[in-house]
Amino acid sequence: MIEIVALSDTMREVVRLAERVAVTDANVLVTGESGAGKDALARLIHARSPRASGALVKIDCAALPRELLEAEFFGYERGAFTGATDARPGRLEAAHGGTLVLDEIAYLPFDAQAKLLRVIEEREFERLGGRRTIKVDARLIALTNVDLDDAVKRRAFREDLFYRLNVVRLQVPPLRERREDIERLSGEFVNVYALKHGRDVTGMTPEALAILKVYEFPGNVRELANTIERAVIVAGAPVIQAADLPEALRAAVLIQKRAKQRQTLSELEADYIGETLAATRGNKTEAARLLGISRKNLYEKLARYKDRG
Ligand SMILES: Nc1ncnc2c1ncn2[C@@H]1O[C@H](COP(=O)(O)OP(=O)(O)OP(=O)(O)O)[C@@H](O)[C@H]1O
Ligand SMILES: [Mg+2]
């Protein structure tokens, strides 16, 4: 795991806010696309908080079916359900004195949402099948890559719980909106994966970096990390080449570039025609002759440009 990289203005601002909220006990809602760095930010908040020496516990609300999730979350007493041969504390208890990260909070079932609200308001709960009320002191950080406001509107998520979790909201921007971070992230990942795979790779060519800098990265930082890991493995030299990047990625960048060039060409044509017309003081017959096209063709082109505005 590497130090969080935040060279871009947008990411620097997010980290600055995270550090400010970290020292408080406020609940935090972290939003952002998949792979953008929500977990990374949650770890940073915990590490910079007075609870840093306490536990950092995570529960993924999307990973388990409802019954299992509640058992995992609240723990259970012996005999709470078939198979509960022993009592077990849940993640909530494990997070006592520390931080509890609720990953994919939008998937928390409705019943569990009510229970969580009680945990926030009363700081207490019971294990499944238990009568003993247990006190708990944990800082909550909820993560989501779906629009929770929308889930509230659709009544899929309790509004009261939403307000309790959304005391401070941090929005991790997608990687394509902070390309300034790509070079440093890439460098860090090269070191990490060279070490992991015992490869003598120390960097990449400017061409390889240029490709990474224009790629869209729908999978965000995670996709960048995977891309570099693969490149480190396949690289036949100490420096990663453009050819070491996945074919699909290079193709995507090419298509993007060509699309841009096509636009530039037609713009170029429009500019050139405009200049020629200016030179002939609007004489279209003369302009067409100079451009080597028919008068009809020139009129068609002009009409097309006019349509496009
Ligand atoms: N700013 C950053 N600096 C350094 N590493 C980062 C940064 N952001 C993300 N990472 C790394 O990228 C990977 C993906 O990030 P993370 O797991 O935090 O994403 P996520 O938003 O939680 O994704 P998901 O929604 O899929 O759970 C992790 O290995 C993380 O450590
Ligand atoms: Mg995550």
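Just above sits the structure.
Residues numbered from 1 in each chain as written. Chains lettered and ligands numbered in written order. Predicted model: local features only at pLDDT ≥ 70, side-chain atom pairs only at ≥ 80, totals over all residues. Heavy atoms only, no water.

What follows concerns the nonpolar core. One recurring pattern in soluble globular proteins is that nonpolar side chains are buried together. Ranked by internal contacts, the top residues of the largest apolar core, which has 31 residues, are L100, L102, I105, L116, F157 and L165. Elements represented by at least two residues in this core include exactly β2 (56–60), α3 (66–74), β5 (99–103), α5 (110–122), β8 (139–144), α6 (148–153) and α7 (159–165). Of all the elements, α5 adds the most residues to this core, at five residues. If we skip the residues at most four places from it in the chain, L116 touches F73, F74, L102, I105, L108, L140 and L161. Formed by 28 residues, the second largest nonpolar core is a distinct cluster that contains Y193, V201, F217 and A242. (Core = buried A, V, L, I, M, F, W, Y, C linked by side-chain atoms within 4.5 Å. Buried < 20%, exposed > 50% of the residue type's maximum accessible area, 1.4 Å probe, protein only. Helix = DSSP H or I, 4+ residues; strand = E, 2+ residues; numbered from the N terminus. Contact = heavy atoms within 4.5 Å.)

All right, on to the sheet that holds β8 then. Taken together, five strands build an open sheet; the order of strands is β2-β5-β8-β1-β9 and the sheet is parallel. With partners counted over all chains shown, the strands left at the sheet margins are β2 and β9 (168–171), one partner each. Neighbour to neighbour, the strand axes of the sheet diverge by 20 degrees on average, direction disregarded. Bridge count for strand β1 (residues 28–31) against β9 is four bridges, and the pairing is parallel. When the bridges of β9 are listed, T31 appears paired with Q171. Relative to β9, helix α1 (residues 9–22) is tilted by about 150 degrees, and along the sheet it contacts β1, β8 and β9. (Pairing = 2+ DSSP bridges. Axes fitted to C-alpha atoms, helices over the stretch in contact; angles between N-to-C directions.)

Next up on the list: the pattern of salt bridges. Under the definition given, this model contains 31 salt bridges. Across the pair R154 and D150 runs a salt bridge whose closest N-O atoms are separated by 3.4 Å. A residue is classified by how much of its surface remains accessible, and D150, at 33% relative accessible area, is partly exposed. Counted as one network, the salt bridges with shared partners bring together D25, R51, R123 and D137. (Salt bridge = Lys/Arg side-chain N within 4 Å of Asp/Glu carboxyl O.)

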